[in-house]
Amino acid sequence: MVATQTQVRHYDVHNGLTSMPEVPNVPYLDVLATRNSASGDLVLFVVNRDAKNAIPATLRLQGFSAAAQAQVDTLAANGLVVDNLVDNRDAIKPVSSTQAVTGNEIRYEFPKLSLTVMTLKRQ
């Protein structure tokens, strides 16, 4: 695991599950980072919980020199109750792309209701 810091909007969950009816201060954009011990790659897992909006972000790297391009794999949905049933088997599918890394920064817009895995190769 690699330490992360985020500065994002938060929301509170009220009247949730019986075992956890109140969940305060949930970040709309949640970030987890890890380092691959074999390759040295840095991998970011980013969840955008916002059901209405994509979230633009600037990711700043400290203590890691990344190659000029990051591999980006995203799984996103258009709504909270979307699924891949018989009538719409491709409603949710992974999309791969690349994103430029400029110096120690990556600017990326995380789609609404998405999980993004961003892999940064060591420079």
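Bear in mind the structure is a predicted one, so any value in this text is a computation, not a measurement.

## A closer look at the layout of surface pockets
Okay, step 1: Of the pockets and cavities examined, the largest pocket occupies roughly 820 Å³.
Okay, step 2: Along the walls of the largest pocket sit 24 residues, with T4, Q5, T58, L59 and R60 positioned nearest its centre.
Okay, step 3: Listing elements by their share of the lining of the largest pocket, those giving two or more residues are strand 3 (29–35), strand 4 (42–48) and strand 5 (55–60).
Okay, step 4: Looking at side-chain class alone, the lining of the largest pocket contains 14 nonpolar, 7 polar and 3 charged residues.

## Regarding the nonpolar core
Okay, step 1: Membership of the largest hydrophobic core comes to 21 residues, with the highest contact counts inside it found for L42, L44, I106, F110, M118 and L120.
Okay, step 2: Elements represented by at least two residues in this core include exactly strand 3, strand 4, strand 5, strand 6 (66–76), strand 8 (105–110) and strand 9 (114–122).
Okay, step 3: When sequence neighbours within four positions are dropped, the list of residues in contact with L42 reads V2, A33, T34, R35, L61, F64, M118, T119 and L120.

## Some remarks on the environment of D90
Okay, step 1: Within the element layout of this structure, D90 appears in the loop between strand 6 and strand 7 (95–100).
Okay, step 2: Note: C-alpha distance between D90 and L59 (31 residues apart in sequence) is 30 Å.

## Some remarks on the sheet that holds strand 7
Okay, step 1: In space, the 5 strands of this open sheet follow the order 3-4-9-6-7, with antiparallel pairing throughout. Looking at which strands have only one partner, the edges of the open sheet turn out to be strand 3 and strand 7. Adjacent strand axes in the sheet meet at a mean angle of 20° when their direction is disregarded.
Okay, step 2: Judged from the 6 bridges that link them, strand 6 and strand 7 form a sheet pairing that is antiparallel. Paired with Q69 across the strands is A100, a residue of strand 7.

Definitions and limits used
Residues numbered from 1 in each chain as written. Predicted model: local features only at pLDDT ≥ 70, side-chain atom pairs only at ≥ 80, totals over all residues. Heavy atoms only, no water. 1 Å grid on protein atoms, 1.4 Å probe; cavity = no way out; pocket = protein on both sides within 12 Å on 5 of 7 lines; lining within 4 Å. Points joined across faces, edges and corners; volume = space filled by probe spheres on them. Helix = DSSP H or I, 4+ residues; strand = E, 2+ residues; numbered from the N terminus. Nonpolar A, V, L, I, M, F, W, Y, C, P; charged D, E, K, R; others polar. Core = buried A, V, L, I, M, F, W, Y, C linked by side-chain atoms within 4.5 Å. Buried < 20%, exposed > 50% of the residue type's maximum accessible area, 1.4 Å probe, protein only. Contact = heavy atoms within 4.5 Å. Pairing = 2+ DSSP bridges. Axes fitted to C-alpha atoms, helices over the stretch in contact; angles between N-to-C directions.

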